[in-house]
Amino acid sequence: HQLKNITKRKVLIIMGFMSVDILPEEPFTTTVPVVKPEKMPMKGHNTTDNGDGAISYQGQHSELDKVRILDTETMTHVVPNSQPISISNECFEGSVFFMIRTPDVDNAKDNNIHSMGETPKRISKYFKPKKRHFEFQFQIKLKKVPTGPLFLGCEVEHPIKVGRVTKGLTGFLLAMIRRINSGFHYSWGVDPKDENYDAAAVAEGNYERTHLSFPVEASMDRIIITKPGETPPQLGYELHESNESVKRRRKLGAGCIDWNLEDTYTMCLWSAYVDWIRWKSLNVPGCRPFSMTTVIGDQPIYLSVYELTNCTFKEYKKKKPEHYQKDLSNYTRLEFSNTTTTAGGLAERLMKNKGLDRQMSQQTEEDSEIF
């Protein structure tokens, strides 16, 4: 029984971070409610880094301060439940909006309700009738047309430590999921302590990180394509896609979307199985909530969108090559950490460096006053 529960915890990463239809969270809906657009950013929703290592969560629920989201390319902190954040790189330009369920959604007596700003309150109301614990929305225009398949990946920097028996059972379950979802890919990564570790191959990029990934077309809960001249949906609200479109994407997978430079793509990913504030996995049938540290240790989690550049969409479906680092083109990579449970990572390092810079700056000012 213990072994069965341990295995469930390992596989939970797949069910929690990727929107596969193993555990349906909410029924499809085609009802489009009328919403009154608001101007963003709202007053009091300061999401900027103050330059001294402190990130402002003014107007947010106090528990949200535990969550750290970092764009690893620009080293920019993103505060959820606030406002769309612009992202631009060589692959695309657009905005992202992160929404996370806060404790007030399920507790009407939460003391934070009175100090929260308008947007956080609206987002809490948005989550109220839903089971999901987070929803990440993206709205982009591509700067280059992908020639290879696009994947949504969940990865960690260091290998997950599991026993041989647990790893074997988990591998069996992952293989079963791979048969159901043909585009699904996973790797246990490489361990420097392994006797078969090849340092030269790693240096050349001929290795895979510890990760799970699905084709973007099949993993996103919603994808809305807006043609030139049309108005794309507003981020921070419900995104609507027909049932037929969703089913088609999930059936066909990689290559079923016409990626081009003219259209605007609005996408979202949600899940009821991950609580970023408490850093727990929950709502999985037959398994009580547990800390994600029991699966991956105290390391941060990375969500990324990447292109596999060494094959075309059709070639991938036939060959299904490994996702070696040298063959990946990252469109975006976000680091998720928690100030109370994780250790290491870029966000922690950035905060420490800025704190050190501030101390040195203060010391320099004091020395100047002396002389």
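Residues numbered from 1 in each chain as written. Predicted model: local features only at pLDDT ≥ 70, side-chain atom pairs only at ≥ 80, totals over all residues. Heavy atoms only, no water.

**Focus: the nonpolar core**
What counts is decided by this rule: Definition of nonpolar core: a set of buried residues of the types Ala, Val, Leu, Ile, Met, Phe, Trp, Tyr and Cys, connected through side-chain atoms within 4.5 Å. Here's how the labels work: a residue is buried when its accessible area is under 20% of the maximum for its type, exposed when over 50%, partly exposed in between, all with a 1.4 Å probe on protein chains only. Strands here mean DSSP runs of E at least two residues long; helices mean DSSP runs of H or I at least four residues long; both are numbered from the N terminus. Only heavy atoms matter for contacts: two residues are in contact if any of them lie within 4.5 Å across the pair.
In this structure, Ile100, Phe136, Trp259 and Trp276 are the most contacted members of the largest nonpolar core, which totals 52 residues. Of the residues forming this core, the biggest block, five residues, is contributed by strand 5 (residues 134-142). Ignoring sequence-local partners within four residues, the contact set of Trp259 consists of Leu142, Val145, Pro146, Leu150, Val216, Glu217, Tyr265, Met267 and Phe313. One finds Phe97, Ile123, Phe127 and Leu235 within the second-largest nonpolar core, a separate group that totals seven residues.

**Side note on the confidence of the model for the chain**
Threshold: Every residue gets a pLDDT, meaning the predictor's confidence in that residue, from 0 to 100.
Across the chain, the average pLDDT comes to 84, with 81% of residues at 70 or higher. Per-element confidence in the chain ranges from a low mean pLDDT of 45 for helix 1 (residues 2-17) to a high of 98 for strand 9 (residues 222-226).

**Comments concerning the sheet that holds strand 5**
Put simply, the rule reads: In short, DSSP must find at least two bridges between two strands for them to pair. Angular values range over 0 to 180 degrees, each being the angle between N-to-C directions of two axes fitted as lines to C-alpha atoms, with helices fitted over their stretch in contact.
Within the open sheet, the five strands sit side by side as 3-4-5-10-9. Their pairing is antiparallel. Strands at the two margins of the open sheet, each flanked by one partner only, are strand 3 (85-88) and strand 9. The mean inter-strand angle of the sheet, taken between neighbouring strand axes irrespective of direction, is 20 degrees. Bridge count between strand 5 and strand 10 (residues 264-271): seven bridges; the pairing is antiparallel. Considered in strand 10, the bridge of Phe136 is made with Leu269. Across the face of the sheet, helix 2 (residues 118-127) comes into contact with strand 4 (92-100) and strand 5 while running at roughly 75 degrees to strand 4.

**Quick notes on the sheet that holds strand 13 (residues 290-291)**
Through backbone hydrogen bonds, the strands of a sheet pair up, either in parallel or in antiparallel fashion. With antiparallel pairing, three strands are arranged side by side in an open sheet as 11-12-13. The two strands at the open ends of the sheet, each matched to only one other strand, are strand 11 (274-275) and strand 13. Relative to strand 12 (residues 280-281), strand 11 is paired through two bridges, and the arrangement is antiparallel. Pairing of Val274 across the sheet is with Ser281, part of strand 12.

**What to know about the packing of aromatic side chains**
What describes a pair of aromatic rings is the distance from one ring centre to the other and the angle between the planes of the rings. Applied cut-off: Working definition: a ring pair exists when centres of Phe, Tyr or Trp rings (six-membered ring for Trp) sit within 6.5 Å. Plane angles under 30 degrees give stacked, over 60 give edge-to-face, the rest tilted. Geometrically, a charge over a ring is one whose NZ (Lys) or CZ (Arg) sits within 6 Å of the ring centre while staying within 35 degrees of the ring normal.
Throughout the structure, instances matching the rule amount to 15 aromatic pairs. Ring geometry for Phe98 versus Phe336: centroids 6.3 Å apart, planes at 45 degrees, classification tilted. With Phe98 in strand 4 and Phe336 in strand 15 (residues 328-338), the pair connects residues that are 238 residues apart, well separated along the chain. The exposure class assigned to Phe98 is buried, which follows from its relative accessible area of 3%. A relative accessible area of 1% means that Phe336 is categorised as buried. With a centroid separation of 5.7 Å and 20 degrees between ring planes, the pair formed by Phe151 and Tyr306 is classed as stacked. Residue Phe151 is found in strand 6 (residues 150-156), and its partner Tyr306 is found in strand 14 (residues 301-308); the two are separated by 155 residues along the sequence. A single burial state applies to Phe151 and to Tyr306, both of which are buried. Taking NZ or CZ as reference, Arg132 lies 3.5 Å from the ring centre of Trp270, over its face. Arg333 extends its terminal NZ or CZ atom over the ring of Tyr302, reaching a point 4.1 Å from the ring centre.

**Here we look at the environment of Thr332**
Along the polypeptide, Thr332 turns up in strand 15. Along the sequence, Thr332 and Ser88 sit 244 residues apart, while their C-alpha atoms lie 9.6 Å from each other.

**Considerations on the pairing of strand 5**
The buried fraction of strand 5 is high, at eight of nine residues. Two strands pair when backbone bridges link them, and strand 4 and strand 5 are joined in this way by nine bridges, in the antiparallel orientation. Bridge assignment links Val96 to a residue of strand 5, and that residue is Phe138.

**A few points about the environment of Ile225**
Relative to the assigned elements, Ile225 resides in strand 9. Judged by its relative accessible area of 35%, Ile225 is partly exposed. Here the alpha-carbon distance between Ile225 and Tyr265, two residues 40 residues apart in the chain, equals 4.9 Å. Dropping the residues within four chain positions of it, Ile225 is found in contact with Ile257, Asp263, Thr264 and Tyr265.

**Observations regarding a nonpolar patch on the surface**
Cut-off, in case you're wondering: Patches were defined on residues exceeding 30% relative accessible area and lacking a salt bridge, with like-charge contacts within 9 Å and nonpolar side-chain contacts (Val, Leu, Ile, Met, Phe, Trp, Tyr) within 5 Å. In this description, accessible areas are obtained by the Shrake-Rupley approach with a 1.4 Å probe, and a residue is regarded as covered only by the protein chains that are shown. A carboxyl oxygen of Asp or Glu within 4 Å of a side-chain nitrogen of Lys or Arg is what we treat as a salt bridge.
A grouping of Phe172, Leu173 and Met176 is seen on the molecular surface, where their side chains present a nonpolar patch of about 280 Å² in accessible area. Counting through the fold element by element, Leu173 comes out in helix 3 (residues 164-180).

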